[in-house]
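Chain by chain, the residues:
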Amino acid sequence: IELNSFKFSQNATYSDCCKGAMMAVMDKVLEGYPDSIPSPGKLVVSLKKALEYWQQLFHSICMGSEEEKAIIHALETMALGSGKAADVLGKEPAFRFVLQTLHDKEIVNEVAIFEWAEERKEEGKDGSRGALFWQQPTQDFLEWLEESSDEDSSDGSDDEDSD
């Protein structure tokens, strides 16, 4: 109720709320490492633990792919900014691991990831926002996700053909 009230009082969208929530969760995760920069593996372990608590919030405020893309955009903003978040998320393969974790936790689905990827692909390799997209680990994850999505599609069509 408080989040909805705040959303309306600030004339914000659910995308704004998702972006702010993701940035807050990542900041909270990084607070657990006051004197060091966590490795990508430690970051994901800490993020998974945080998402056990915050996952329901994201499920409540993510109404569709626009909100889910806002979560990815929040991570991009943090990774391309300055400070500890940029130091962690900007290095390979951290962004890919975080993206995969959000997908595994069903906070960000394939549609949102593919829409984000298409936006970044159109920008090309020269833009700073595309830097995370063009990292090899991110490309590997997108390729795996596409293959997985294609397999799910073909499995579903095979079931329909057998009816």
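Below is a summary of the structure that appears in this document. As the structure is a computational prediction, the values presented were derived from the model and not from experiment.

Structural notes on the overall build of the protein chain
Along the backbone of the protein chain there are eight helices and zero strands. If you list the helices and strands of the protein chain from N to C, you get α-α-α-α-α-α-α-α. Counting only residues that meet the buried cut, the protein chain has 39% of its 163 residues in that class. For the protein chain, long-range pairs separated by at least 24 residues make up 69% of all intrachain contacts whose partners lie at least 6 apart in sequence. Of the roughly 9200 Å² that the protein chain leaves accessible, carbon and sulfur atoms contribute 48%.

As for the environment of Leu47
Mapping Leu47 onto the fold places it in helix 3 (residues 40-61). A relative accessible area of 0% means that Leu47 is categorised as buried. Separated by 55 residues in the primary sequence, Leu47 and Leu102 have C-alpha atoms spaced 9.1 Å apart. Other than its neighbours up to four places away in sequence, Leu47 contacts Met22, Val25, Met26, Val29, Val98 and Thr101.

Remarks on the pattern of salt bridges
Summed over the entire model, instances satisfying the criterion amount to six salt bridges. Across the pair Glu115 and Lys69 runs a salt bridge, and its minimum N-O distance is 3.6 Å. In this pair, Glu115 sits in helix 7 (residues 110-123) while Lys69 sits in helix 4 (residues 65-80), placing the two residues 46 residues apart along the sequence. Overall, Glu115 belongs to the partly exposed group, its relative accessible area being 29%. For Lys69, a relative accessible area of 7% puts it in the buried group. For Lys69, the salt bridge goes to Glu119, with nearest N and O atoms at 2.9 Å. With Lys69 in helix 4 and Glu119 in helix 7, the pair connects residues that are 50 residues apart, well separated along the chain. Here Glu119 falls in the partly exposed class, since its relative accessible area comes to 26%. Via salt bridges that share partners, Glu66, Lys69, Glu76, Glu115, Glu119 and Arg120 belong to a single interconnected network.

What counts, and at which threshold
- Residues numbered from 1 in each chain as written.
- Predicted model: local features only at pLDDT ≥ 70, side-chain atom pairs only at ≥ 80, totals over all residues.
- Heavy atoms only, no water.
- Helix = DSSP H or I, 4+ residues; strand = E, 2+ residues; numbered from the N terminus.
- Buried < 20%, exposed > 50% of the residue type's maximum accessible area, 1.4 Å probe, protein only.
- Contact = heavy atoms within 4.5 Å.
- Areas by Shrake-Rupley, 256 points an atom, 1.4 Å probe, with all protein chains shown as cover.
- Salt bridge = Lys/Arg side-chain N within 4 Å of Asp/Glu carboxyl O.

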